[in-house]
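Remarks on the overall topology
Listed below are the residues making up each chain.
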Amino acid sequence: ATEKARQLLARLAATPDAAVPNLPFLHRALLLPLLSAASAASALLRLPVILSSSPLRSRRTLPVPVISVGNLTWGGNGKTPMVDFLARRFHAMGVSPLILTRGYAGGDESKMLRRRLADTSTKIGVGANRAAVGSSMLQKYGHVDPCDAFCREKLACNRVASGKSAKIGVAILDDGMQHRSLLRDVEIVMVNGLTPWGNTHFIPRGPMREPLSALTRADIVVIHHADLACEAQLETIARTVQDSGTTCSVFFSKLAPSHIFEVHQPLQRLSLNVLDGMIVLCVSAIGCPDAFIHTVREIGPLNVDRLDFSDHHFFNDYDLELIQERVRQLVDQHNKQTVVLVTEKDYDRDPDFLRMLGLKVWVLSSSLQIMPLKEQGEDELLRKLKDIITATRHVVQP
């Protein structure tokens with residue numbers, strides 16, 4: 001019942017005003033007015049923070065550069081893949097990153113990041129008070145002066161000491177845009193290229209966490225799932241970003257599938273072509289399941305079916321029976337073995353549940369890539385980051 005209520009709220013939050021007359025009468029007459037009232041109250045509660053300058057004066061600082069990765073809307077914007085991308089790139093530069101995350105809803109993102117980045121110098125701190133967690137981690141591991149970390153002539157030397165014991169050189173805030181108590185050097189805002197602003201209403205009537213005017217705080221905007229959106233849609237989003245009054249740079253990204261692993265063998269790397277000729281049931285509890293389905297169909301299995309749950313949903317016994325029954329139906333329908341395919345977030349949220357299904361369950365592993373559109377590729381993004389950091393931290397370049 002709780003999951004059905006969450007899915008109903010998600011559908012209503014995705015409903016544009018023009019489609020409201022098509023909703024069932026009870027939804028129009030009862031639920032939408034309640035959600036609209038809650039959204040108005042939410043907007044009013046944010047107003048003092050937007051208008052007041054005191055939160056800016058009282059912000060905590062860290063002795064290392066801080067990069068915030070956030071968004072204006074809930075779910076499916078690519079925040080965590082971007083955090084993973086940045087951590088890997090900084091590690092490759094010889095700058096040891098610290099990821100600060102609140103560990104929301106069971107911490108599936110932090111678990112995924114910890115597993116994916118285990119072979120790097122990345123440290124991960126989990127807690128609602130990210131300034132306190134960051135200070136504690138910096139005290140434990142030590143930190144590198146920004147000049148030593150980001151001065152061009154020293155970047156090559158940094159690579160020598162980039163193991164798990166390396167001192168921290170940069171902090172990355174996962175979902176940090178609304179966490180305004182910690183001062184940041186760079187504000188990266190992720191935008192879903194498929195549904196950038198939803199119906200433009202505030203949560204819970206819509207997906208907006210802040211108004212579009214908040215984009216003026218952004219240094220960099222990244223339009224995610226850009227490979228799934230048409231050029232006209234990308235142009236419209238970029239124009240909306242520019243019309244908000246911001247002077248930030250705009251980049252484009254996608255999630256690129258790399259390999260598959262079986263739930264009992266997370267270190268396994270199966271080629272994507274193992275799905276050739278397969279019947280696939282995609283099971284996910286993520287913010288943007290349509291992008292997951294599109295990616296799987298592009299890989300080219302024989303048939304793709306889907307079971308979508310609300311973002312961060314914890315699977316239960318009822319879900320287990322539901323998945324098993326759907327697989328039985330697909331086997332009967334196609335007379336072929338069916339594989340259950342999940343995302344890494346779903347795997348890391350509860351791997352034990354997936355192992356208990358008694359079915360062939362595979363996990364699709366993907367990584368964020370910066371798409372070289374409008375002469376704004378990965379090199380340009382990393383150069384922009386370093387330029388902002390060296391300017392804000394007064395790093396002297398030779």
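Residues numbered from 1 in each chain as written. Predicted model: local features only at pLDDT ≥ 70, side-chain atom pairs only at ≥ 80, totals over all residues. Heavy atoms only, no water.

The chain goes by tetraacyldisaccharide 4'-kinase in an unreviewed UniProt entry, where it is assigned to Aegilops tauschii subsp. strangulata.

1. Quick look at the overall build of the chain
Along its length, the chain carries 14 helices and 11 strands. Reported as C-alpha extents along the three principal axes, the dimensions of the chain are approximately 70 × 50 × 40 Å. Expressed as a percentage of contacts within the chain between residues at least 6 apart in sequence, the contacts between residues at least 24 apart total 77%. Surface exposure of the chain reaches about 18,100 Å², of which carbon and sulfur atoms provide 54%. Distance between charge centres in the chain, computed from 46 positive and 41 negative side chains, equals 5 Å. (Helix = DSSP H or I, 4+ residues; strand = E, 2+ residues; numbered from the N terminus. Contact = heavy atoms within 4.5 Å. Areas by Shrake-Rupley, 256 points an atom, 1.4 Å probe, with all protein chains shown as cover. Lys, Arg positive; Asp, Glu negative; His and termini not counted. Charge placed at Lys NZ, Arg CZ, Asp CG, Glu CD.)

2. Description of the nonpolar core
In this structure, I67, M82, L86, F90 and I188 are the most contacted members of the largest nonpolar core, which totals 31 residues. Put simply, the parts of the chain that give this core at least two residues each are β1 (66-71), α4 (79-93), α7 (146-150), β4 (168-174), β5 (186-192), β6 (220-224), β11 (361-371) and α14 (378-392). Looking at which element gives the most residues to this core, the answer is α4, with seven residues. Core analysis: the second largest hydrophobic core is formed by 21 residues, I279, L320, Y347 and V361 among them. (Core = buried A, V, L, I, M, F, W, Y, C linked by side-chain atoms within 4.5 Å. Buried < 20%, exposed > 50% of the residue type's maximum accessible area, 1.4 Å probe, protein only.)

3. Regarding the state of the cysteines
Scanning all chains against the criterion turns up zero disulfides. The closest cysteine sulfur to the non-disulfide-bonded C282 is located on C288, 13 Å from its own sulfur. (Disulfide = S-S within 2.5 Å.)

4. A short note on the sheet that holds β1
Read across the sheet, 11 strands follow the order β3-β2-β4-β1-β5-β6-β7-β11-β10-β8-β9 without closing on themselves; strand pairing throughout is mixed. Of all strands in the sheet, those bounded by a partner on one side alone are β3 (123-126) and β9 (303-308). On average, each strand axis in the sheet is tilted by 25 degrees relative to the strand beside it, whichever way the strands run. Bridge count for β1 against β5 is five bridges, and the pairing is parallel. Looking at β5, one finds that S68 is bridged to E187. Sitting on the sheet, helix α5 (residues 108-116) touches β2 (96-101), β3, β4, β7 (249-262) and β11, and the angle it makes with β3 is about 165 degrees. (Pairing = 2+ DSSP bridges. Axes fitted to C-alpha atoms, helices over the stretch in contact; angles between N-to-C directions.)

5. Remarks on the pairing of β4
Among the seven residues of β4, seven are classified as buried, and the element is accordingly described as predominantly covered. Bridge count for β1 against β4 is four bridges, and the pairing is parallel. If you follow S68 over to β4, its bridge partner there is L173. Alignment of β2 against β4, held across five bridges, turns out to be parallel. Within β4, the residue paired with L100 across the bridge is L173.

6. Considerations on α14
Taking 1.5 Å of rise per residue, 15 residues should cover 21 Å, and α14 covers 21 Å from first to last C-alpha, within 8% of that figure. Every buried residue belonging to α14 is among L381, L382, L385, I388, I389 and T390, and all of these are buried. (Expected span 1.5 Å × (residues − 1).)

7. Focus on the layout of surface pockets
What the second largest pocket holds in volume is close to 310 Å³. R115, R116, P266, L267 and R269 are, among the 13 residues lining the second largest pocket, the residues nearest its centre. Residue assignment for the lining of the second largest pocket shows that the elements contributing at least two residues are α5 and β7. Counted by class, the lining of the second largest pocket contains four nonpolar, three polar and six charged residues. Both of domain 2 (66-255 + 371-395) and domain 3 (257-368) provide at least three residues apiece to the lining of the second largest pocket. (1 Å grid on protein atoms, 1.4 Å probe; cavity = no way out; pocket = protein on both sides within 12 Å on 5 of 7 lines; lining within 4 Å. Points joined across faces, edges and corners; volume = space filled by probe spheres on them. Nonpolar A, V, L, I, M, F, W, Y, C, P; charged D, E, K, R; others polar. Domains from an automatic or database assignment.)

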